[in-house]
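Structure at a glance
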Protein chains: 2
Amino acid sequence: MIKVVFFDLDDTLVDTSRLAEMARRNAIENMVRHGLPVDFDTAYQELLELISEYGSNFSRHFDYLLRRLDLPSNPKWVAAGVIAYHNTKFAYLRTVKGVRRVLLDLQRAGYRLGIITDGDPIKQWEKILRLELDAYFDEVFISDYLGVKKPHRKIFEKALKKMGVEPGEAVMVGDRLYSDIYGAKQVGMNTVWFRYGKRADRELEYLEYADFTIENLEEVPRIVRGLSDEGEERSDKEVHAD
Amino acid sequence: MIKVVFFDLDDTLVDTSRLAEMARRNAIENMVRHGLPVDFDTAYQELLELISEYGSNFSRHFDYLLRRLDLPSNPKWVAAGVIAYHNTKFAYLRTVKGVRRVLLDLQRAGYRLGIITDGDPIKQWEKILRLELDAYFDEVFISDYLGVKKPHRKIFEKALKKMGVEPGEAVMVGDRLYSDIYGAKQVGMNTVWFRYGKRADRELEYLEYADFTIENLEEVPRIVRGLSDEGEERSDKEVHAD
């Protein structure tokens, strides 16, 4: 019997990667428009390289970009990048298609919902609150706040304990085979891999830990109901066997 | 003969203090709405105290606010504050009444324009670019970028040198008697104190350094023209005296 459904946040509930790409493109465009003496493609490729080296949450991307391009420090160009980046992030923040319908459907069917995500706690809460997703969820577990990152089993164990359920009574839905699917399966949860966005062909060596693979989030309620029915049938059989 | 007019940025060109007050009030309101277990007035007063101790550019205001209120760290409340703060700043950023008319008028009359401001260079450029003020100005001098703060004479000297004018050929307009007016007068500039906002009754011990006091920015072009005419009359007289 399933009682709780956990979701990853980035690229599962929130369309983060697509948004980040738009924001980065707009940032470079605005920097060029305000005098950055480099063509768009050169600057954009350099930014992507920088992000792959320093990570996407690095706060001095635009400063470092100028250094990498052998340009003098220039707060006007950095400000132009920052403005366009933030404007895009604010204007285009969106949930993945179907999210609200799925959450409402699960909630109406009596399942409790949680989020298990990595990342900066304040930035993650910003996305949740801006999209007004908070009302759907009973609990939000953010790794950087708890001090462990997915796929460490502790974050999944903490989540299960806080929700008061056994691993077999929980489903984890996420886009990363390693952090979400392998992580949740380690502690015995049911797992649904959402094959979506830039992670659609990554970490396939962990595919065996996915009980289900979906390409549309709207399949989640049917899968969860199926798992619940299976569980009931199994306990019916156990009763008969006695 | 006046050739250049310099303006301070915050509370002279940009209506910063009023905006900051609105943003802080909305931040606290949103934190309370998302569960901060303290009433609005208590939290708002605590925030004002914190800002007066740590300065207005401190990036961890909302985190520290929770500590001061003896509350546990909570990224959801902090995110609620950050969102409302930024939304307000983006939605309500405004120039001081009359700014664009004054700048256009001075520019048409052939004066070159500059900004001399304190503050974080990227944040100051953000305000300038968001308000599309950059096209009016030949140069922007930001103290934190140059390594000296107003009223240090070096920032005014650098500005005069870059614009290629003598101190007597320049006017400084600003809301702070100490940083703007005393600072500019030290190097021999003409000074116009814009008696506005929260600085309207502060630092009055430096009032003697103001050549003019105005309560409406739209008086600037008339004053600048008056100074130019005076200069011409004086050089006419000098010519006659030869």
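Structure's up top.
In this text the structure is predicted, and so the values were computed from the model without any measurement.

In this section: the interface of chain A and chain B. Bring the parts together and some accessible area is lost; that lost area is often taken as the interface size. Facing the 21 residues of chain A at the interface are 21 residues of chain B. With both sides pooled, the region where chain A packs onto chain B buries about 1,900 Å², and carbon together with sulfur makes up 73% of that total. Across the chain A-chain B interface, the total number found is 0 salt bridges. Across the chain A-chain B interface, the total number found is 2 residue pairs in polar contact (both at pLDDT 80 or more).

Take the environment of B:Tyr196 next. Residues and elements named next belong to chain B. Structurally, Tyr196 is set in the loop between strand E5 (190-194) and strand E6 (212-214). Overall, Tyr196 belongs to the buried group, its relative accessible area being 18%. Separated by 164 residues in the primary sequence, Tyr196 and Val32 place their C-alpha atoms 32 Å from one another. Apart from the residues within four sequence positions on either side, Tyr196 is in contact with Asp11, Asp15, Arg18, Val96 and Asp175.

Peptide bonds are, in most cases, trans, and in most cases residues other than glycine have a negative phi. Of note, the bond from A:Lys150 into A:Pro151 is cis; its omega dihedral lies within 30 degrees of zero at 10°. Inspection of the secondary structure puts A:Pro151 in the loop between helix H7 (143-146) and helix H8 (153-163). Phi at A:Asp11 is positive, roughly 65°, even though this residue is not glycine. Following the sequence through the fold, A:Asp11 ends up in the loop between strand E1 (4-7) and helix H1 (16-33). For B:Glu203, which is not glycine, the phi torsion reads 55° and is therefore positive. Within the secondary structure, B:Glu203 sits in the loop between E5 and E6.

Glancing now at the relation of the copies chain A and chain B. Screw-axis analysis of chain A against chain B gives a translation of 0.0 Å along the axis, an RMSD of 0.0 Å, and a rotation angle of 180°. The superposition of one copy onto the other is thereby described by a two-fold rotation axis. Comparing interface residues between copies, 100% of those in chain A also lie at the interface in chain B; the contact surface is shared.

With that out of the way, let us pick up the pattern of salt bridges. This model, assessed by the stated rule, comprises 42 salt bridges over all chains. Taking the shortest distance from any N to any O, the salt bridge between A:Asp201 and A:Arg195 comes out at 2.8 Å. A:Asp201 gets classed as exposed once you look at its relative accessible area, which sits at 56%. The salt bridge partner of B:Glu218 is B:Lys97, with a shortest N-O separation of 3.7 Å. Remark: B:Lys97 occurs in the loop between helix H4 (75-92) and helix H5 (99-108) and B:Glu218 occurs in the loop between E6 and helix H10 (220-241); sequence separation between them is 121 residues. The partly exposed category is assigned to B:Glu218, whose relative accessible area is 28%. For B:Lys97, a relative accessible area of 65% corresponds to the exposed category. Connected through shared salt-bridge partners, A:Glu46, A:Glu49, A:Glu53 and A:Arg68 make up one network.

Procedures and definitions
- Throughout, residues of each chain are indexed from 1 in the direction in which the sequence is written.
- As a convention, the first chain written is A and the first ligand written is 1, with the rest following in written order.
- Residue-level local features of this predicted model are given only where pLDDT is at least 70; pairs of side-chain atoms are given and counted only at 80 or more, and the full residue set underlies all totals for whole chains, interfaces and linings.
- Side-chain descriptors were evaluated using all non-hydrogen atoms of the structure, hydrogens and water having been removed beforehand.
- By the convention used here, residues are in contact when the closest approach between their heavy atoms is within 4.5 Å.
- Buried area: the sum, over both parts, of the accessible surface (1.4 Å probe) that disappears when the two are put together.
- Basic side-chain nitrogens of Lys or Arg form a salt bridge, by our definition, when they fall within 4 Å of a carboxyl oxygen of Asp or Glu.
- Any pair of N or O atoms that falls within 3.5 Å is considered a polar contact. Within protein, one atom must be able to donate a hydrogen and the other to accept it, and sequence-neighbouring residues count only if both atoms are side-chain atoms.
- Runs of H or I in DSSP of at least four residues are treated as helices and runs of E of at least two as strands, each being numbered from the N terminus.
- Burial classes follow relative accessibility: with a 1.4 Å probe on protein chains only, a residue under 20% of its type's maximum area counts as buried, one over 50% as exposed, and anything between as partly exposed.
- Residues reaching a pLDDT of at least 70 in both copies supply the C-alpha atoms on which the copies are superposed by least squares.

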